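# Understanding the architecture of this molecule
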Amino acid sequence: MPIDPNALPAQVRDTLNCLHRAGHEAWIVGGCVRDLLLGRTPTDYDITTSALPGQTQAVFRDRRVLETGIRHGTVTLLAEGMPLEITTYRVDGTYSDARHPDGVTFTASLREDAARRDFTINAMAYAPGLGLRDYFGGQADLSRRLIRAVGDPDQRFREDALRVLRAIRFAAVLGFDLEEETAGAARRQAAGLEKVSAERVFQELSKLLCGPKAGQVLLAYPDILGQVIPELLPMVGFDQHSRHHCYDVYTHTAVAVDHVPPRLGLRLAMLLHDIGKPDTFSLGEDGQGHFYGHHRRSVELAEEILRRLRAPKKLREEVVTLVRYHDAPIEEDPARLRRWLHKLGPERFFDLLDIQRGDAAGQGLAYCTRIQRADRLESLARGLLAQAPCLTLAGLAVNGRDLLALGYRGPALGRALQGLLEEVLAGRLPNEKSALLQWAKENDAKKEE
Ligand code: ATP
Ligand code: MG
């Protein structure tokens, strides 16, 4: 299906028009063209133009233009709130460090600009009134659902090894296959990923993991994933010797990844939850495999991996919490549940139930009882939350001032508040001021300590 010009946001059409009227060529290009052809809503629009950066700035001199990547020919126009990256047609120089082009050269040719792009489906340009420019068979590959490198795949992956990861990222996100030559080259050149910065790797890995076909891609390309997370490799084919598992550790992991919602924290936690298993394996006398303390080893490895990949701290903490408790038995009991809700906070607690469901799904169909159990825990916890329970010190019906008035001082005061919270969480005391004050009075022997 051709692209409907009206599918482009007005700011994008207006920006292309301004450049055209000033005598320059200008097109939308790359991911947005691919997404429009697929009937998906583009996340952002990139524009490629024959105008040099200074000329683009001149066309938009009355508007806000940021010099975001001027060395590489990119300026960002703020078009009524929509940031648009406008990049001059360019040919990338060689990549001697397999990271950055050593230099970029501007060109007057759209075809040359398309030729520097990674995959045929990402190398198309479009402008209303002019139509599609597809020099490398991108449309045909879209309809065959194939990721194919532009030009010689080995050379393109050698120039920038990040493209290896991008190839399987697009496979996971779009559900496409890698074209055979491209797949072979991706495997051959994967070692180059070692030289790519952690930030770039993590960005692609994140998108990959959140793709609807992440599990399939993990299974098809363990060698490539193993380049960025070598700790995954011992999991591949690792027999669990367990009647509770129908899959090896890696396959179990891949299936589990697909069975949690596509949010990065959940997907990463699922990827890493059993990564400590190979290190902690022992075979019981009954022939059953055991992995005592594997969650602790998984926590250590997850910490290490996420630091190395420079994942944001908050995300790292979230993932580590979920890995730590992925196996924890949670009892179907209001007092225990209030403790969990207190310990993790409701949001993380429900994430943990997602993880337990994903983990169970990865064990095979027989494990639907574990899934049903997580469902029951979820409704029980939601029922508790609907009663607006006290889960934190701040939620207690008394505060430090009330205890000061009773004569509590210093550490004893803190201990008393903590004690009150314990009583309320356990359901032994209602969260009512009079009951709490009464308890504090009766326990006041401790207040002198
Ligand atoms: P998304 O929808 O995730 O943004 P995208 O295809 O737009 O996907 P970007 O990383 O935003 O991906 O890059 C925009 C375009 O720039 C790509 O479509 C591709 O044409 C080109 N590109 C990006 N990274 C590379 C690379 N490493 N090598 C060659 N071309 C690249
Ligand atoms: Mg993009």
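Preceding block: the structure.
A quick note: this is a predicted structure, and the numbers were derived from the prediction, not measured.

This part is about the overall build of the protein chain. Counting its regular elements, the protein chain contains 21 helices and 13 strands. Taken against the 2.2 N^0.38 rule, which gives 22 Å for 449 residues, the C-alpha radius of gyration of the protein chain at 28 Å runs more than 25% over that of a compact globule. Its C-alpha atoms put the protein chain at 85 × 65 × 40 Å along the principal axes. Sorting the 449 residues of the protein chain into buried and exposed places 51% on the buried side. In the protein chain, the proportion of contacts linking residues at least 24 apart, taken out of those at least 6 apart, comes to 64%. Of the charged side chains in the protein chain, 59 are positive and 61 negative; the average position of the first set lies 3 Å away from that of the second.

Okay, the packing of helix α13 (residues 264-272) against helix α16 (residues 313-324) next. Two elements in contact, α13 and α16, have axes separated by 9 Å at closest approach and are oriented at 50 degrees. Taken together, the axes of α13 and α16 are oblique relative to one another. Relative to α16, the crossing made by α13 is right-handed. Every residue of α16 that contacts α13 at L264, G265, L266, L268, A269 and L272 is listed here: L315, E318, V319, L322 and V323. Along the lines of polarity and charge, the residues of the contact of α13 with α16 split into 9 nonpolar, 1 polar and 1 charged.

Next up on the list: the site of ligand 1. Ligand 1 sits among 16 residues. The nearest are R34, N122, D160, R163 and R169. Within the contact set of ligand 1, an oxygen atom lies 2.8 Å away from a backbone nitrogen or oxygen of N122. Separating an oxygen atom of ligand 1 from a side-chain N or O atom of R166 is a distance of 3.0 Å. For the shell around ligand 1, the secondary-structure elements that each account for two or more residues are α2 (31-37), α7 (162-174) and α9 (198-209). By residue class, the composition of the shell around ligand 1 is 1 nonpolar, 4 polar and 11 charged.

Take the pattern of salt bridges next. Evaluated as defined, the whole model comprises 37 salt bridges. With its nearest N and O atoms 2.9 Å apart, the salt bridge here joins D141 to R148. The class of D141 is buried, set by a relative accessible area of 0%. Among the ionic pairs, E204 bridges to R169, the shortest N-O distance being 2.7 Å. Of this pair, E204 sits in helix α9 while R169 sits in helix α7, placing them 35 residues apart in sequence.

The rules we used
Residues numbered from 1 in each chain as written. Chains lettered and ligands numbered in written order. Predicted model: local features only at pLDDT ≥ 70, side-chain atom pairs only at ≥ 80, totals over all residues. Heavy atoms only, no water. Helix = DSSP H or I, 4+ residues; strand = E, 2+ residues; numbered from the N terminus. Rg over C-alpha atoms; globule rule 2.2 N^0.38 Å. Buried < 20%, exposed > 50% of the residue type's maximum accessible area, 1.4 Å probe, protein only. Contact = heavy atoms within 4.5 Å. Lys, Arg positive; Asp, Glu negative; His and termini not counted. Charge placed at Lys NZ, Arg CZ, Asp CG, Glu CD. Axes fitted to C-alpha atoms, helices over the stretch in contact; angles between N-to-C directions. Parallel < 35°, antiparallel > 145°, perpendicular 65-115°, else oblique. Left-handed = near helix turned anticlockwise from the far one by under 90°. Nonpolar A, V, L, I, M, F, W, Y, C, P; charged D, E, K, R; others polar. Near = heavy atom within 4 Å. Polar contact = N/O pair within 3.5 Å; in protein donor to acceptor, adjacent residues only side chain to side chain. Salt bridge = Lys/Arg side-chain N within 4 Å of Asp/Glu carboxyl O.

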